[in-house]
Amino acid sequence: MKKTILCGTVLAGSLALCACSSYQPTKNAWKTTKDLWYSYVSVPAKVDYSEKGDLSPRAMALSTCMMGIDVELSRFERTMMNADRAPTREWLDKLFADYPWVSGFAGVKYDGTLLGHEPGPSLKNLDFIPLLYEDKKQNSRALRGYVQQSPLGPEVMLAAPLYDGMDFLGVVVAHFDMRALSKFSSSPEDLVILSPSALLWPGKYDFAATPLAGVDWDTAARKSTSGTCTNDRGSFYYQVRYLGNLPLIFAVVESGTFPEGNGDVNQGTRFFPQITEKLPPPPQPERKKKDDEAPSTTPQFGASEEALDPLSAADAEIRATQQPHDIQPGSEQSVLEPGQPAPARKSRVQERQLEGENVQVRRPQRRRLHIPDEALEIPETPKPEPRPAVQMPSPFGPRGARPTDSASETAPAETPAATQPDAGQGAAPAQESGAEKAAPAAEKAEPAAKPAEAPEEASPAATEEPSKPATLPGGRPSPFGPRN
């Protein structure tokens, strides 16, 4: 109520602040409102790492006394949670080796039939029928606890239910005496352990003189998990610890002094209700089975793992009535069994017949393609025909009677008469001497420039003698052709 009033006051103040301060931006007003909200209304949580969480002296004393027993019970609960099938001989041997304080292990059918008990019948004449009843306040597959009174002392039972789908088959039960667990406590004489139906461990005290006697623990455990019991001698501090759905009460002295007892657990018998009548097995709903479904049977209790058939009895019966499905040697499905080769089939994968574990698989040899020698002969390629000779025409014309030859022969005879210098011609001898020097060079170059042999018959144009060939001084033909 105070928090609601404070929240309304803060919101009203923030609205008044926004209304009165017209000059202040709305953003700043909202920041102020958030600061007030997180400072007074919704304060952020903080972790105080310096807080060690010290226990009170009474809680510390109780924790020290019950720690060893609590550890063993926790381990035992985890083991029983996994016991959801018929136990084998190896599993039972490991159970008694890990928990030597366990008195026995039994399997009970849903109709109360005892399927087996290890290591033998119990001297306490135990009744497992109450464990077949489901506690409505817990899961149907959760662990179930129970305590049974007997002249030899109370026995604590912890059962794991077995189911086949939704069908309840029964329970497997492990039972023990709490007095065997007292050795795991650091100071068992200061500890008192009891349940709503029996005193499990009295410690060194006379239970009748303690305030724990005469309390309706069934109602007290439902109301609170811890508390204090007081009488004129002093007080006890107690803590409830559940084993399945069974509440176990651990208590130590908080204040006062109490007389010591003889340590007998039967001294508390008169303070707890006595159960004289036995409960009948719980009724089970009838299961509607199909016509082709065989009746189910309970697995064998305590059989060895080698002898225990993983198949159910229904599968074994069907298997016995039908033909075996073993693959015969030589069958199409055979892979490991030797025998005759499988018949031809359309499958591309061929069966590989093996004769032993370390047989060497012979791979089929590759077939080589046989090609006849005649096909390998390479035919002879035809020889190439000779190329036709190309005759290039000579730039100097065809061979034969050339006018230049006659002119060159007659030139020396005429030279003395023709070369008579006149008085007025002083440059003629110089030109003639240059022409004479050029004539031998032309004759030397002629053999190198001879073209291919010309045909024997000269062309008509070559036979005709030019009318007036043009010659230069010295008998050389003129490069400008004959004179017109």
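That block above? That's the structure.
Residues numbered from 1 in each chain as written. Predicted model: local features only at pLDDT ≥ 70, side-chain atom pairs only at ≥ 80, totals over all residues. Heavy atoms only, no water.

**Focus on the overall build of the protein chain**
Part 1: For the protein chain, the count of helices and strands is eleven helices and ten strands.
Part 2: Across the 484 residues of the protein chain, 27% fall into the buried class.
Part 3: For the protein chain, restricting intrachain contacts to residue pairs at least 6 apart in sequence, the fraction spanning at least 24 positions comes to 55%.
Part 4: Total accessible area on the protein chain stands at roughly 35,000 Å², and carbon and sulfur atoms take up 54% of it. (Helix = DSSP H or I, 4+ residues; strand = E, 2+ residues; numbered from the N terminus. Buried < 20%, exposed > 50% of the residue type's maximum accessible area, 1.4 Å probe, protein only. Contact = heavy atoms within 4.5 Å. Areas by Shrake-Rupley, 256 points an atom, 1.4 Å probe, with all protein chains shown as cover.)

**Quick notes on the sheet that holds strand E6 (residues 192-195)**
Part 1: Spatial ordering of the open sheet is given by E7-E6-E10-E9-E8, a layout of five strands whose pairing is antiparallel. Each edge of the open sheet is held by one strand with a lone partner, namely strand E7 (198-201) and strand E8 (226-231). Put simply, the sheet's adjacent strands are angled 30 degrees from each other on average, direction ignored.
Part 2: Bridging between E6 and strand E10 (residues 246-256) involves three bridges; their strand directions are antiparallel. What sits directly across from Val192, in E10, is Ala251.
Part 3: In the packing of helix H3 (residues 57-81) onto the sheet, contacts are made with E6, E8, strand E9 (234-243) and E10, and the angle to E9 comes to roughly 20 degrees. (Pairing = 2+ DSSP bridges. Axes fitted to C-alpha atoms, helices over the stretch in contact; angles between N-to-C directions.)

**What about the packing of aromatic side chains?**
Part 1: On inspection of all chains with the given rule, the structure shows twelve aromatic pairs.
Part 2: Centre to centre, the rings of Phe76 and Phe176 are 5.9 Å apart; their planes meet at 85 degrees, and the pair counts as edge-to-face. Of this pair, Phe76 sits in helix H3 while Phe176 is found in strand E5 (residues 167-176), placing the two residues 100 residues apart along the sequence. Of the two residues examined, Phe76 and Phe176, each falls in the buried class.
Part 3: Clustering of aromatic rings is evident, with ring pairs tying together Phe76, Tyr99, Trp101 and Phe176.
Part 4: Above the plane of the ring of Tyr163 lies Arg141, whose end atom (NZ or CZ) is 4.3 Å from the centre. (Phe/Tyr/Trp six-rings, centres within 6.5 Å; stacked < 30°, edge-to-face > 60°. Lys NZ or Arg CZ within 6 Å of the ring centre and 35° of its normal.)

**Notes on the side chain of His117**
Part 1: When you line up the elements, His117 lands in strand E2 (residues 114-118).
Part 2: Within the local environment of His117, its side chain forms a polar contact with the side chain of His175, the two groups lying 3.0 Å apart. (Polar contact = N/O pair within 3.5 Å; in protein donor to acceptor, adjacent residues only side chain to side chain.)

**So, the pairing of E2**
For a regular strand, the rule is simple: side chains alternate between the two faces of the sheet.
Part 1: Note: strand E1 (residues 102-109) against E2, four bridges, orientation antiparallel. Counterpart to Ala106 in the pairing with E2 is His117.
Part 2: Counted between consecutive antiparallel strands, the loop separating E1 from E2 contains four residues, among which Gly112 sits at a positive phi close to 95 degrees.

**As for the pattern of salt bridges**
Part 1: The full count for this structure, using the stated rule, is 13 salt bridges.
Part 2: Between Asp177 and Lys124 there is a salt bridge; the shortest N-O distance is 3.2 Å. Taken together, the residues Asp177 in the loop between E5 and helix H5 (178-181) and Lys124 in the loop between E2 and strand E3 (144-148) connect sequence positions 53 residues apart.
Part 3: On the accessibility criterion, Lys124 (14% relative accessible area) is buried.
Part 4: The salt bridge partner of Asp135 is Lys137, with a shortest N-O separation of 3.3 Å.
Part 5: Within this structure, Lys124, Glu155, Asp177 and Arg179 form a network of salt bridges that share partners. (Salt bridge = Lys/Arg side-chain N within 4 Å of Asp/Glu carboxyl O.)

**Considerations on the nonpolar core**
Part 1: Residues Phe76, Phe176 and Met178 are the most contacted members of the largest nonpolar core, which totals 37 residues.
Part 2: In terms of residue count, the dominant contributor to this core is H3 (eight residues).
Part 3: Look past the residues within four positions of Phe76 in its chain and what remains in contact with it is Leu95, Tyr99, Trp101, Val102, Leu158, Ala174 and Phe176.
Part 4: Of all hydrophobic cores here, the second largest spans 18 residues; its members include Leu194, Tyr205, Phe258 and Phe272. (Core = buried A, V, L, I, M, F, W, Y, C linked by side-chain atoms within 4.5 Å.)

**Concerning the side chain of Ser150**
Part 1: Positionally, Ser150 belongs in the loop between E3 and strand E4 (155-164).
Part 2: Polar side-chain contacts of Ser150 include one of 2.5 Å to the backbone oxygen of Gly153.

**A short note on the environment of Thr471**
Part 1: In this fold, Thr471 is placed in the segment after helix H11 (460-463).
Part 2: Between the C-alpha atoms of Thr471 and Pro482, which are eleven residues apart in sequence, the distance is 8.2 Å.

**Some words on the pairing of E8**
Part 1: As paired strands, E8 and E9 are joined by six bridges and run antiparallel to one another. Bridge pairing in E9 places Gly227 opposite Tyr238.
Part 2: Joining the antiparallel neighbours E8 and E9 is a turn of two residues.

**A closer look at the sheet that holds E2**
Part 1: If you trace the five strands from one edge of the open sheet to the other, you get E2-E1-E5-E4-E3, paired in antiparallel fashion. Because the sheet does not close on itself, it has two edges, and the strands there are E2 and E3. In this sheet, adjacent strand axes meet at a mean angle of 20 degrees when their direction is disregarded.
Part 2: Contacts from H3 reach E1, E4 and E5 within the one sheet, and its direction differs from that of E5 by about 155 degrees.
Part 3: Here helix H4 (residues 89-98) sits on the sheet and contacts E1 and E2; the angle it forms with E1, its principal contact strand, is near 145 degrees.

**A short note on the environment of Asp232**
Part 1: In this structure, Asp232 sits in the loop between E8 and E9.
Part 2: Residues Asp232 and Ala209, spaced 23 residues apart in sequence, show a C-alpha to C-alpha distance of 9.7 Å.

The values are spatial; any link to function lies outside them.
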